[in-house]
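# Architecture and fold: a report
Each chain, letter by letter, is given below.
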Amino acid sequence: MQKVKNEGGRPRILVVDDEAAILRFLKSALPGEEYSLHFAENGHAALAAAAAARPDLILLDLGLPDLDGVEVIRRIREWSPLPIIVLSVRDREDDKVAALDAGADDYLVKPFGVAELQARIRVVLRRSLQQAPEPVYRFDELEIDLQRRKVTRGGTEIQLTPTEYDLLRLLANHAGMVLTHGQILKQVWGNTYADQQNVLRVTMSNLRQKIEPVPSRPRYIITELGVGYRLKSA
Amino acid sequence: MRDDETSRPSPETLLKVAQAEEAQAAKGKLKIFLGYAAGVGKTYAMLQAAHERLHDGRDVVVGYVESHGRSETDLLLEGLEVVPRAQVEYLSVALPELDLDAVLARRPQIVLVDELAHTNAPGSRHPKRWQDVEEILSAGIDVYTTVNIQHFESLRDVVAQITGVVVRENVPDSILDQAVEIRLVDIPPEDLLQRLKEGKVYIPEKAARAAENFFKPGNLMALRELSLRRAAARVDDQVRAYMESRSIPGPWPVAERILVCVSGSPFSETLIRTTRRLADDLKSTWHTVYVETPGAGKQLQENRERVWKDLRLAESLGAQVATLTGASVPEALIDYARKNHVTKIVVGKPTKPRWREFLRTPLVDQMIRLSGSIDVYVVSIAPAEAAKKEGVLHRKRPPLSGFLKSLLLVLAASLLCQPVHAFLAPTNLVMIYLLAVVLAALRLGRQEATFTAFLSVLAYDFFFVPPRFTFAVSDTQYLITFLALFVVGVVISTLVSQTRERAEAIRRREAQTATLYYLSRDLAAVSGLDAILDALVRNIEENLQAQVVVLLSEGERLEVQAASGGFTLGAKEAAVADWAFRNRAPAGKGTDTLGSAKLLHLPLQTSGDVLGVIGIRFREEQEFTSPECRRLVQAYAAQAALAVERAQFARQAEQAQILKARESLERALLNSVSHDLRTPLVTITGALGALREKDVALASEAKSDLLEAAWEEAGRLNRFVGNLLDMTRLESGALKVKESPTDVQDLVGCALAVLEPHLGRRSVNIAVPSGLPPVRMDMVLMTQVLVNLLDNALKYSPPTSPVEVAADIVGDWLTLEVSDRGRGVPAGDLSHIFDKFYRVPVPEGAGGTGLGLSICRGIVEAHGGTIEAHNRSGGGLRVTVSLPVI
């Protein structure tokens, strides 16, 4: 649905935070040559700006003075799929899952490095700006050909069960982004399995045995503790 | 008080006065409207006084007033607040009674309670109304009450003598002594009789009967005199007390002490009342004692119970009570009298026939002979009454089998004599019979032994005294042999049985002392409240053969802390226990308060405080009323209270210790926080300051060094804050363990992923068998445990040495091991490294926050697991975490 943005092709980012120091830091971390930055200092202003300025991405703090950040995500999701990355000091898994399940695309715990932030922004923007999904995922030695349903590592084909393949495909479609247990279960197994984390854990363990060179030190599928999984992307 | 008017009273006197005044201030004041008969106008006078107080602005309510349909009284009741009466159900009739709880809840300044001598309906809290009044007084409420003179305990006999009517509703004299004011309500007997005729006292037909029986002019005059004298005596007391408190010298009588001895005879009660009156007249203290003689063990149970009743009566009349043991009553009495500086001894006039005095000197005579400087008062007992009551006192007959055994003994003695009588003189055979008597005395008892002596004489005469096989005696010399055999037999039997009974009495005492000793030994041997209560319950169960329940106060409420097996406390018993606790007095079965309860409740009282209540249920009914038992359980309760207090003190001390430890911990926390927060900031601000300075030209290498240092320190600062937050969550309980089946390989992988940036070129050896079943744990928290352990291993070992991670399931436990090849930990520190803020001194100063390992321990223990550290052979440290696999 999105078109490539104008303003010299610079993506528009709406930063929602009430801490002046954070705003100042983000201004210098996201240079004006690459991004066009807009600011909102509270939840209501953010909702208004999201509608008026039509940003390509929102960087959202959860601890806002008027509305809770999760509520802001929920309200935006009522009318728009525009990407949201949460930046918060809340590091508890429950908070992360709540924000992700409400519709946030990614979650970064403060403090974070600039490189990390830029990488996440790139992943999210690439996914939302591209017209069609990439037919082939490649990272390191792992290659997933989504059209031919073929998985190879270092040129050797890996045989996967249909469920394992569905799981890997879902992760590949969201490469670089975190998916919560609930989101994965719903999309791979269906709504009735939303609480069956065990099923996911067992399948994931089997999948890793097949695709990871050292299963106890996974290189491709990263466990986001207490939240979900993320497939690494370039 | 002016100094020239009065000399200074002694400090002791002042203290006594101050204490009395203090007790008075805390307690309510009692005002008694005293009359000499029904209808003199006591209630009327009381109501008038109530109206006056009401007019003065005092808060007066009517607790219980019976107008008996008298219209003047009814009129006066108007305008006074009346507390609704309680309806006590008894034999399906609702009896109106004073609602004690309602009065206590209402808390007026003054409450009116009519008819002090009234007996409450069964099932009420107290059997008598005067006990209700005492409770109201102790709650600090003033009471106005009415009573007639004939109801006072000490005057009962006098009144019975005057009127021929035995008054059953009695009030102890002590309550009269408590009264702050006694208002004598007096009208001439003629006026009273006139009122009676007019029907103002009783309804007509009842009035006629009353006039015949009680309201005779002679009776009324005598009763009036009694009441006037009692009131006057009271005034006298007050004058005396006033003079004493102001040190006004006066004709003080020497301090008198009176002693009366009770024996369980039917006259003891009369003796006690008489002594109380005498003591009142002489303003003296008095003692009542019971002497347990060796013969007492043989006395029938009924008699013992009577002795206990007598002692309790004396106690309630204000006597000091004691039980003595001695071979002879007079000696024991005189001994006690001398030790306690008794000046007068009261004894009853002998009622036994004169001829018996030849056999045994009457007690009175023995006392007089021994008394020395002590006066002996001999009190008469009405002979008619004595004769009537004599029948009650009969001795228990030994069982028939005892006499049969005597018979067998004599037969055996005779058979023994048969073969030897040819060789021995007949007089020597007497010795064999004496042997039988001694045996009977040792084995059977006094009466049986006497019987044996008698039989022996007969058998000896019949079988061996010529002419044999007749009772005839040819030689009169043998009569002396017979007499000697009989007398010696009786004396021996008496002596032997006395000795035996004395030993028995001593043994009983000894047993009591021993049980107390065992209790104190057991209580001293244990510490901790639970162990103490356990010992207490066990001792009471074993030694008193009773069931027991111990309640201790938890704030304002009593909670059952220990009880005999299978024993539960009903709501009613709990209420009785509560009463005993609040009023600091025994209650329940065997006491005057809530006597319908099933248990006897004693407060656990120490010098300062009531700690709780102990409820006891004896197996035998009479043990509830026995003073011996009561004394014993009270001794138990006192010991228990001390032990419980000791345990509570210990607990307080422990808490103080914990508080102290917490304080030092908080100091450590502050030190750590200030140190660990500031140190990274030093590097960060230093580096940033240098880079910010425009005038300082830095080589690009130096710049990147500074930046790297600042970056690392910022990371360290972040980790420290994270640790602090985790510790806080762990300690506040905000950290909830959310267990779910976890893949151990994934767990290890996650931990290593977190540490990836710090691993550098370190080799990590992982030994996790594939195919380990999932283990229930909180993966997030356990990952953190592994991260902290690995972080430590990396920090405290050389940069090139390997780090090892191993996991396995052995039996019901999952073990996770993290090992390094560092310098290890000094053996003495191994057990401390998991303590908060404990840091092993490291020479390079690469110390951590001292929190990481304690967080590990907190998390592992929250999982029900253990964590321990060992030095490895060949150098290095191994930390092993064990988690239960369910």
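Above: the structure in question.
Analysis parameters
Residues numbered from 1 in each chain as written. Chains lettered and ligands numbered in written order. Predicted model: local features only at pLDDT ≥ 70, side-chain atom pairs only at ≥ 80, totals over all residues. Heavy atoms only, no water. Helix = DSSP H or I, 4+ residues; strand = E, 2+ residues; numbered from the N terminus. Buried < 20%, exposed > 50% of the residue type's maximum accessible area, 1.4 Å probe, protein only. Contact = heavy atoms within 4.5 Å. Areas by Shrake-Rupley, 256 points an atom, 1.4 Å probe, with all protein chains shown as cover. Salt bridge = Lys/Arg side-chain N within 4 Å of Asp/Glu carboxyl O. Polar contact = N/O pair within 3.5 Å; in protein donor to acceptor, adjacent residues only side chain to side chain. Axes fitted to C-alpha atoms, helices over the stretch in contact; angles between N-to-C directions. Parallel < 35°, antiparallel > 145°, perpendicular 65-115°, else oblique. Left-handed = near helix turned anticlockwise from the far one by under 90°. Patch = residues over 30% accessible without salt bridge, like charges linked within 9 Å, V, L, I, M, F, W, Y side chains within 5 Å. Lys, Arg positive; Asp, Glu negative; His and termini not counted. Charge placed at Lys NZ, Arg CZ, Asp CG, Glu CD. Nonpolar A, V, L, I, M, F, W, Y, C, P; charged D, E, K, R; others polar. Expected span 1.5 Å × (residues − 1). Arc of directions from axis to C-beta.

When you go through chain B residue by residue, the secondary structure sums to 27 helices and 25 strands. Buried residues in chain B amount to 43% of all 886 residues. For chain B, the proportion of contacts with a sequence separation of at least 24, taken over those separated by at least 6, is 69%. Surface accessibility of chain B: about 46300 Å² in total, with carbon and sulfur atoms responsible for 56%.

In many reports, interface size means the accessible area that the parts give up when they come together. Opposite the 19 residues of chain A that make contact, chain B presents 21 residues. Counting the contacts that link chain A with chain B gives 4 salt bridges. One can count 8 residue pairs in polar contact (both at pLDDT 80 or more) joining chain A with chain B. Counting only elements with at least two residues in the side of chain A that touches chain B, the list comes to helix H4 (93-102) and helix H8 (197-211) of chain A.

Another point: the packing of helix H25 (residues 744-759) of chain B against helix H26 (residues 779-795) of chain B. Residues and elements named next belong to chain B. Axis separation between H25 and H26 bottoms out at 9 Å; the angle between their running directions is 40°. Considering the angle they form, H25 stands oblique to H26. Between H25 and H26 lies a crossing whose hand is right-handed. Contacts between H25 and H26 involve Asp-746, Leu-747, Val-748, Cys-750, Ala-751, Leu-752, Val-754, Leu-755, His-758 and Leu-759 from the former and Met-779, Met-782, Thr-783, Leu-786, Val-787, Leu-790, Asp-791 and Leu-794 from the latter.

The next point concerns a negative patch on the surface. Residues Glu-701, Asp-705, Glu-708 and Glu-712 of chain B make up a contiguous surface patch of negative charge. Structurally, Glu-712 of chain B can be placed in helix H24 (residues 700-732).

So, on to the packing of helix H18 (residues 426-443) of chain B against helix H20 (residues 477-525) of chain B. All names here are of chain B. Where H18 meets H20, the axes come as close as 9 Å, and the angle between the chain directions of the two elements is 25°. Regarding the angle of H18 to H20, the classification is roughly parallel. The way H18 lies across H20 gives a crossing that is right-handed. The residues of H20 that touch H18, namely those facing Pro-426, Thr-427, Val-430, Tyr-433, Leu-434, Val-437, Val-438, Ala-441, Leu-442 and Arg-443, are Tyr-478, Thr-481, Leu-485, Val-488, Gly-489, Ile-492, Ser-493, Val-496 and Arg-500. For the contact of H18 with H20, the class distribution of residues is 13 nonpolar, 4 polar and 2 charged.

As a further point, take helix H2 (residues 42-55) of chain B. All names here are of chain B. The terminal C-alpha atoms of H2, which comprises 14 residues, lie 20 Å apart, in line with the 20 Å expected from a rise of 1.5 Å per residue. Listing the buried residues of H2 in full gives Lys-42, Thr-43, Ala-45, Met-46, Leu-47, Ala-49 and Ala-50. Check the buried side of H2 and you find it contacts strand E1 (30-35), strand E2 (60-64), helix H3 (71-77), strand E6 (110-113), strand E7 (142-148) and strand E8 (181-184). One or two steps after H2, the chain reaches Gly-57, where phi turns positive at roughly 95°.

Now for helix H17 (residues 400-420) of chain B. All names here are of chain B. For H17, spanning 21 residues, the distance from its first C-alpha to its last is 31 Å, which sits close to the expected 30 Å at 1.5 Å a residue. Within the span of H17, buried status applies to Gly-402, Ser-406, Val-410, Ala-413, Ser-414 and Cys-417. All buried residues of H17 fall inside an arc of 125° around its axis, so they share one side. Across H17 from its buried face, at more than 90 degrees, point the exposed residues Leu-400, Leu-408, Leu-415, Leu-416 and Pro-419. Buried positions along H17 lie against H18 and helix H19 (446-464).

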